[in-house]
Amino acid sequence: MTATSVTTLRFGLALTVLAMTASTALARPDLRQLTCAQAQDMVKRNGAVVFTTGQYTYSQFVSNLSYCDPRQALFPQYGATRDNPKCFVAYKCQEPLFDRSIFDRRF
């Protein structure tokens, strides 16, 4: 092997390792593999977490309204965890069906 081919091989190996590390770092935690308490704690510690919820699905879970857009509200969000098929994990940000301000008016 020449010095150039060794350098090229090392560069290729370095890129492969970097790509493997990056894809692992970007992987979402799988809600189905966690206990209910572990999932709740992860959201509490991080504020917002995007969990894998199924083979092709994912969802964001938030701890409070600061992670939502101004027009959104918090709604309870449940998910299937390792120990609970309907665990209350945290909240989801969602626009309310009705404008809540109309209910705050006093006639």
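Above this text you will find the structure in question.
Let me begin by describing the structure that accompanies this report. Per chain, the residues get numbers from 1 upward, laid out in the order the sequence is written. Only residues with pLDDT of at least 70 are given local features in this predicted model, and only at 80 or more are side-chain atom pairs given and counted; all residues enter the totals for whole chains, interfaces and linings. For side-chain calculations, the full set of non-hydrogen atoms in the structure is used, while hydrogens and water are omitted.

**A word on the overall build of the chain**
Part 1 of the argument: The number of helices and strands found in the chain is 3 helices and 4 strands.
Part 2 of the argument: Restricting the contact set of the chain to residue pairs at least 6 apart, pairs at least 24 apart contribute 35%.
Part 3 of the argument: About 8,300 Å² of surface is accessible on the chain, with carbon and sulfur atoms providing 58% of the total. We count a stretch as a helix when DSSP gives it H or I for four or more residues in a row; a strand needs E for two or more, and each element gets its number in order from the N terminus. Residues count as neighbours in contact if any of their non-hydrogen atoms are within 4.5 Å of one another. Each accessible area is a Shrake-Rupley estimate made with a 1.4 Å probe; only the visible protein chains count as cover when residues are assessed.

**Structural notes on the packing of aromatic side chains**
Part 1 of the argument: Only Phe, Tyr and Trp rings are paired, with Trp represented by its six-membered ring, and only when their centres lie within 6.5 Å; those with planes under 30 degrees apart are stacked, over 60 edge-to-face, the remainder tilted. Tallied over the entire structure, the rule returns 3 aromatic pairs.
Part 2 of the argument: Considering the side-chain rings of Phe88 and Tyr91, the 5.3 Å spacing of their centres and the 75 degrees angle between planes classify their relative orientation as edge-to-face.
Part 3 of the argument: Among the aromatic side chains, those forming a connected cluster through ring pairs are Tyr78, Phe88 and Tyr91.
Part 4 of the argument: A positively charged side chain is recorded as over a ring if its NZ (Lys) or CZ (Arg) lies within 6 Å of the ring centre. The angle to the ring normal must also be within 35 degrees. Here the guanidinium or amino end of Lys86 rests over the ring plane of Tyr78, the centre of that ring lying 5.4 Å away.

**A look at the state of the cysteines**
Part 1 of the argument: In plain terms, two cysteine sulfur atoms within 2.5 Å form what is called a disulfide here. In this structure the tally under the stated criterion is 2 disulfides.
Part 2 of the argument: Residue Cys36 pairs covalently with Cys87 via a disulfide, S to S 1.9 Å. One quick way to see it: the torsion about the S-S bond of Cys36 and Cys87 is about 75 degrees, and its sign makes the bridge right-handed. Remark: Cys87 occurs in strand S4 (residues 87-94) and Cys36 occurs in helix H2 (residues 36-46); sequence separation between them is 51 residues. Pair check on accessibility: Cys36 and Cys87 agree, each one buried.
Part 3 of the argument: A disulfide bridge connects Cys68 with Cys93, and the sulfur atoms are separated by 2.0 Å. Where Cys68 bonds to Cys93 through sulfur, the torsion about that S-S bond is close to -75 degrees, and the disulfide is left-handed. Of this pair, Cys68 sits in the loop between strand S2 (58-62) and strand S3 (73-79) while Cys93 sits in strand S4, and the two are 25 residues apart along the sequence. Note on accessibility: Cys68 and Cys93 belong to one class, buried.
Part 4 of the argument: For the chain, the bonded cysteines pair up as 1-3, 2-4 when numbered in the order they occur along the sequence. Here the term buried applies to any residue with accessible area under 20% of the maximum for its type, exposed to any over 50%, and partly exposed to those in between, with areas from a 1.4 Å probe on protein chains only.

**Comments concerning H2**
Part 1 of the argument: Of all the residues in H2, the buried ones are Cys36, Ala39, Met42 and Val43. The buried residues of H2 occupy one face: seen down the axis, they fall within an arc of 130 degrees. Opposite the buried face of H2, at more than 90 degrees from it, the exposed residues are Lys44 and Arg45.
Part 2 of the argument: Those residues of H2 that are buried are in contact with strand S1 (48-52), S2 and S4.
Part 3 of the argument: Gly47, located one to two residues past H2, shows a positive phi value of around 85 degrees. To obtain the arc, one takes the directions from the helix axis to the C-beta atoms.

**Section: the pairing of S2**
Part 1 of the argument: At least two DSSP bridges between two strands are required for those strands to pair. The sheet contact formed by S1 and S2 spans 5 bridges and is antiparallel. Bridge pairing in S2 places Ala48 opposite Val62.
Part 2 of the argument: Where S1 folds back onto S2 in an antiparallel hairpin, the turn is made up of 5 residues.

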